[in-house]
Structures are given as structure tokens and as C-alpha cells.
Amino acid sequence: MAPIVDIHTHVYPPKYMELLRSRTTVPYVREFPDAPDSSRLIILPGEDDPSMPSTSRGRPIGSEYFDIKQKIAFMDQHKIDKSVISLANPWLDFLPAEEAGQKAVEINNDVNEQCELYPGRLYFFGTLPLSSDTDTIVKEIERLSTLKRARGVILGTSGLGSGLDDPKLDPVYAALQKHNQLIFLHPHYGLPTSVYGPRASEYGHVLPLAMGFPLETTIAVTRMLLSGVWDRFTGLNVLLAHSGGTLPFLAGRIESCILHDGHLKAHGKTEKRRDIWEILKTNIYLDAVVYSTVGLNAAIEASGADRLLFGTDHPFFPPLEADAMEWHSVNANYTAISKSFSGEDEKAQGVLGGNAVRILKLED
């Protein structure tokens, strides 16, 4: 039996919590005395609207976000043997350039030290100082490659501020490829709030989380494809959160639109290029945080069962019932894997942990 490995699980380590609590603008942690859970984490654009009730602004943040012992307790409760933890959005994208490099060092060291408390159980994706200059970013990539528990980096979709198709990111991609550092690509900014309509505030966080995040990921990856990132860096590996957003379902349409685009053809960009299907099966990995067999089967068809990795998205999406022990969101992912691989135990074991052990070299 392969170990069960959670590769999509977040933490706000003590150094990061200090940073968030010291701030008064998004992102920050704010106390709302009139809310049942007074301490609230405000990280998404638009969550800081003073006209919104405090219970709709951000989300409650308890010790499960930053106490590593609670991460281990969650793992034990759900039979998870190993976790690859990562800082949750918005990472360090918001910091001034002159502060970002040192903060990245402090926070990555903090997470590495927490992983060392549980050898063999915890690893992590490092956080990069993307608001800084590329030399500082590359230096941290090189340093992360020497940390025993680091297994790659987590990136948002904004890159240096102009997206992941920005040519200025090439030195960063080159360093990641050179040091064999996997990118865990995770959304944060979603879509402009106007697209959700004038009644969006009545629907909680459903529209930005269920629709905005997956589409943000899909758009970011498509821009990487169109700009030739994987043509220039054929060994660059990217793990996409939430089973790639809508990419597995839309890959065929994306490819067809490229081949039928007169502008791209006129500029010689429809030939001598790697197509999306090759990249999905060569450079892209997908997590299994999709909560259904329909979505999971699309991910399997797109990238292959040997490139799919189990995740929980802890500590987000907890059960709302006060007395609930197990998390419905986690069990939904377990159930989808069980149903999709009924009678194929070896493939199921791969998705649950074997693939992660192989890809991320999690054997101590």
C-alpha cells in the first residue's frame, strides 16, 4: 500500500501571521467584535467593502490555519500519511520590492522548521518574493533547492505583476527548470467582481471560488501556452490546483481556436509549437481537488492517472456542522477517486499517494 499524500494543503506559519496582523489593508487579519468568530482573514479583492456585514468580509481564521499540530491532527483523522504544505494565497505578491526577499527567506525557513518537527510526514512548496527583482527571486529558488523539506514553489497567476506569460519571468522559469523545482500554480485574484452580477453579495463566496478561481487558472495556463513558455522551457513542470480549473474540459477548444486564428497564423505561431495535449501529458500535473467523478475523469483523460495527485485544500472548506468530525470536502475527493478507479486499485493508490512520492521524491 502506497502512503496517502496530500499535496494541496495550506498553512499560514507564525511569521506570516505576524505580517498579516500588522497590516490594515488587504491582505490582513482583522478583529470584528460583532461577528461570532471575531478574527477574520481578508485576502480576496472586494472583501474589504465597509458596506458589507462583518460576517461576509473574509472568513473566520482559527488556530487550524497556523498551528502545525492541528495540521497533523487533521492528517491523522483522515488517514493522511504525508502532506506537502504551502503558504495560502496571496503569498508575498503584495509586499514592496525591498521587503520581499528577506520576508521570503524568513517564511520559508519558518515552514521548513515546522516540517522538521515531523520528519517524513511534512514537506513544503516554497514561497517566492515575486514583487522583487529577478535576481532576488532566482537566489531564493537556488536556496530552496538546498532545504531538505522543500519540494518546489507555489505561484499565483500574477507573476511579476503582468501574468505568467511575461517574458521577464524567463530567468525565473530557467532557474526552476535548472533546479528541478515543480511549480504549484494556485489562483487568487479570480475574475472582476462585475462579472458576477449586481446580486453577487447575496451568494457568499460561491461565485468567486467555484467559478472565478478555476477560470483564473485556465486563463493563466492558456497565456503560458500562447506565449511559448513550454516551447522555451521544455522541462518546466507545473502542478495545477483544482484539477486544472476548466482546462481539461476546454483543452480541445483552446487548441482548435489556436489553429484557426488568422492573427497567430500570420505571425507564424500556429506551427512548430507544442500543443496543449502534449504539454498536459508531459509538463502538467493535476491535483484531484475536484469533488466529483465527472471532473476527476476529465482530469484523467487530459493528463493521465499517473499525473494526478490527491489533495484536500485544508484548512479551507471545513464542515459547517459544529459536531462534524470528518470533512465532507475531503471525503468527496476520496469518494471520487474510489468510484473513478473502481477495480483499478493500483491506479487509485497512485493518485492517493504513489504518484506524489515518485514525482516529488518523498522517500526520506
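Summarised in this report is the structure supplied together with it. All values derive from a computational prediction rather than experimental measurement.

1. Brief notes about empty space enclosed by the protein
Alright, step 1. Overall, the coordinates contain two cavities of 30 Å³ or more when judged by the stated rule.
Alright, step 2. Roughly 40 Å³ of internal volume is contained in the largest cavity.
Alright, step 3. Forming the walls of the largest cavity are Trp 91, Asp 93, Thr 127, Leu 128, Leu 130, Ile 154, Leu 155 and Gly 156.
Alright, step 4. Here the second largest cavity defines a volume of roughly 30 Å³.
Alright, step 5. Taken together, Leu 155, Leu 164, Tyr 173, Ile 183, Leu 185, Met 224 and Val 238 make up the lining of the second largest cavity.
Alright, step 6. Partitioned by chemical class, the residues of the lining of the second largest cavity number seven nonpolar, no polar and no charged.

2. What to know about the pattern of salt bridges
Alright, step 1. What the rule picks out here adds up to twelve salt bridges.
Alright, step 2. Between Glu 278 and Arg 274 there is a salt bridge, and its shortest N-O distance comes to 2.9 Å.
Alright, step 3. Residue Glu 278 is classed as partly exposed on the basis of its relative accessible area, which comes to 37%.
Alright, step 4. We classify Arg 274 as buried; its relative accessible area is 11%.

3. Side note on the packing of aromatic side chains
Alright, step 1. Considering all chains together, one arrives at eight aromatic pairs under this definition.
Alright, step 2. Aromatic pair Tyr 12 and Tyr 16: ring centres 5.5 Å apart, planes at 20°, arrangement stacked.
Alright, step 3. Geometrically, the ring pair formed by Phe 74 and Trp 327 is edge-to-face, given 5.1 Å between the ring centres and 70° between the ring planes. Here the residue Phe 74 occupies a position in helix 2 (residues 68–77), and Trp 327 occupies one in the loop between strand 11 (308–309) and helix 12 (328–340), the gap between them amounting to 253 residues.
Alright, step 4. Overall, Phe 74 belongs to the buried group, its relative accessible area being 4%.
Alright, step 5. Judged by its relative accessible area of 11%, Trp 327 falls in the buried class.

4. Brief notes about helix 2
Alright, step 1. Considered for burial, the residues of helix 2 that qualify are Ile 68, Lys 71, Ile 72, Phe 74 and Met 75. Angular distribution of buried residues about the axis of helix 2 spans 160°; they occupy a single face of the element.
Alright, step 2. Where helix 2 is buried, its residues contact strand 1 (5–11), strand 5 (82–87), helix 3 (97–116), strand 6 (122–127) and helix 12.
Alright, step 3. The distance from a side-chain oxygen at the start of helix 2 to the backbone nitrogen of Lys 69 is 3.0 Å, and the residue carrying that oxygen is Asp 67.

5. Brief notes about the nonpolar core
Alright, step 1. In terms of nonpolar packing, the biggest core is built from 105 residues, with Tyr 12, Tyr 173, Ile 183, Leu 236, Ile 284 and Ile 337 touching the most fellow members.
Alright, step 2. Those residues in contact with Tyr 173, other than ones at most four positions away along the chain, are Leu 164, Ile 183, Met 224, Val 229, Phe 233 and Leu 236.

6. Focus: unusual backbone geometry
Alright, step 1. Cis geometry marks the peptide bond from Val 26 to Pro 27, where omega comes out at 0°.
Alright, step 2. Within the secondary structure, Pro 27 sits in the loop between helix 1 (14–21) and strand 2 (28–31).
Alright, step 3. The step from His 314 to Pro 315 runs through a cis peptide bond, and the omega angle for that step is 10°.
Alright, step 4. With respect to the helices, strands and loops of the structure, Pro 315 is situated in the loop between strand 11 and helix 12.
Alright, step 5. Despite not being glycine, Tyr 291 shows a phi value in the positive range, around 70°.
Alright, step 6. One can find Tyr 291 in the loop between strand 10 (284–287) and helix 11 (293–303).
Alright, step 7. Unusually for a residue other than glycine, Lys 361 sits at a positive phi of about 55°.
Alright, step 8. Among the residues examined, Lys 361 registers a relative accessible area of 52% and is labelled exposed.

Cut-offs and rules
- Residue indices begin from 1 for each chain and proceed along its sequence in written order.
- The predicted origin of the model limits local features to residues at a pLDDT of at least 70 and limits the giving and counting of side-chain atom pairs to 80 or more, whereas totals for whole chains, interfaces and linings rest on all residues.
- The side-chain figures draw on all heavy atoms in the structure; neither hydrogens nor water molecules are used.
- Space inside and on the surface of the protein is sampled on a 1 Å grid over the protein atoms alone, with a cavity defined as a set of points where a 1.4 Å probe fits but cannot get out and a pocket as an open set with protein on both sides within 12 Å along at least 5 of 7 lines; lining residues have an atom within 4 Å of a point.
- Grid points are joined across faces, edges and corners, and a volume is the space filled by probe spheres set on the points.
- Following the grouping adopted for this structure description, the nonpolar residues are Ala, Val, Leu, Ile, Met, Phe, Trp, Tyr, Cys and Pro, the charged ones are Asp, Glu, Lys and Arg, and the polar ones are all others, Gly among them.
- Salt bridges are defined by distance alone: a side-chain nitrogen of Lys or Arg within 4 Å of a carboxyl oxygen of Asp or Glu.
- Categorising residues by exposure relies on relative accessible area from a 1.4 Å probe, with only protein chains included: less than 20% of the type maximum marks a residue as buried, more than 50% marks it as exposed, and the intermediate range marks it as partly exposed.
- Pairing of aromatic rings covers Phe, Tyr and Trp, the last counted by its six-membered ring, and requires centre-to-centre distances within 6.5 Å; plane angles under 30 degrees mean stacked, over 60 mean edge-to-face, and any other angle means tilted.
- Where helices and strands are cited, they refer to DSSP runs of H or I of at least four residues and of E of at least two residues respectively, numbered from the N terminus.
- The arc in question is traced by the directions running from the helix axis to the C-beta atoms.
- When checking whether two residues touch, look at their non-hydrogen atoms; a contact exists if any pair is within 4.5 Å.
- Whenever a nitrogen or oxygen atom comes within 3.5 Å of another N or O atom, the pair is scored as a polar contact, on the condition that within protein one atom can donate a hydrogen and the other can accept it, and that pairs from neighbouring residues in sequence are kept only if both atoms are in side chains.
- For our purposes a nonpolar core is just a set of buried Ala, Val, Leu, Ile, Met, Phe, Trp, Tyr and Cys residues, chained together by side-chain atoms within 4.5 Å.

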